[in-house]
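Take a look at the letters that make up each chain.
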Amino acid sequence: MSYDDNNIFAKILREEIPCNKIYEDKFILSFYDINPQKKIHALVIPKGKYTDLDDFSLNASPEEMVGLLKGINIVAKKLGISTEVGMGYRALANISEDGGQEVPHLHFHLFGGEKVGKMVE
Ligand code: AMP
């Protein structure tokens, strides 16, 4: 699937619509999900134009890959849910239609702040 420049996260990255920002650096933007499914529900997105994790794995640079993975840890730390403070969380990426992906810009959901329960309900 080619990247759709009009998807909602592309608009957030271009600051055409607002977000409740948690963290930003050269590689990622993180903000709270508008419809939280757990006590803490954050999103972490790469700044590059990648539709999903497969697209990212195939086409992102090593720097972008490191930036995204490190970014998830930075955000978890900021939210107080990382293992470094004795907590934990779920990082989850839905991939394409069969994976339940609705917004076609790669994003990781971070769920935490409570026991997040079974992986698939
Ligand atoms: P997915 O189903 O994995 O594509 O998840 C898309 C997520 O984006 C959902 O959890 C939505 O609640 C969230 N979402 C959609 N629009 C916004 C927005 N404007 N700001 C923050 N989160 C959003």
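Residues numbered from 1 in each chain as written. Predicted model: local features only at pLDDT ≥ 70, side-chain atom pairs only at ≥ 80, totals over all residues. Heavy atoms only, no water.

1. Thoughts on the packing of aromatic side chains
Evaluation of the coordinates by the stated rule reveals 2 aromatic pairs. Taking the centre distance of 5.4 Å and the plane angle of 75° together, the rings of Phe9 and Phe31 count as edge-to-face. Of this pair, Phe9 sits in helix α1 (residues 8-13) while Phe31 sits in strand β2 (residues 28-32), and the two are 22 residues apart along the sequence. Taken together, a centroid distance of 5.1 Å and an interplanar angle of 90° make the contact between Tyr50 and Phe56 edge-to-face. Take Tyr50: its relative accessible area is 9%, and that puts it in the buried class. Residue classification places Phe56 among the buried residues on the basis of a relative accessible area of 4%. (Phe/Tyr/Trp six-rings, centres within 6.5 Å; stacked < 30°, edge-to-face > 60°. Helix = DSSP H or I, 4+ residues; strand = E, 2+ residues; numbered from the N terminus. Buried < 20%, exposed > 50% of the residue type's maximum accessible area, 1.4 Å probe, protein only.)

2. Describing the side chain of His107
Within the element layout of this structure, His107 appears in the loop between β4 (89-92) and β5 (108-112). A polar contact of 2.7 Å, which involves the side chain of His107, links it to the backbone oxygen of His105. Ignoring sequence-local partners within four residues, the contact set of His107 consists of Phe9, Leu43, Val44, Ile45, Leu92, Ala93 and Gln101. (Polar contact = N/O pair within 3.5 Å; in protein donor to acceptor, adjacent residues only side chain to side chain. Contact = heavy atoms within 4.5 Å.)

3. A short note on the pattern of salt bridges
Considering all chains together, one arrives at 6 salt bridges under this definition. Among the salt bridges present, the one from Glu84 reaches Lys77, with a minimum N-O distance of 3.1 Å. Each of Asp5, Arg14, Glu16 and Lys49 takes part in a single network of salt bridges with overlapping partners. (Salt bridge = Lys/Arg side-chain N within 4 Å of Asp/Glu carboxyl O.)

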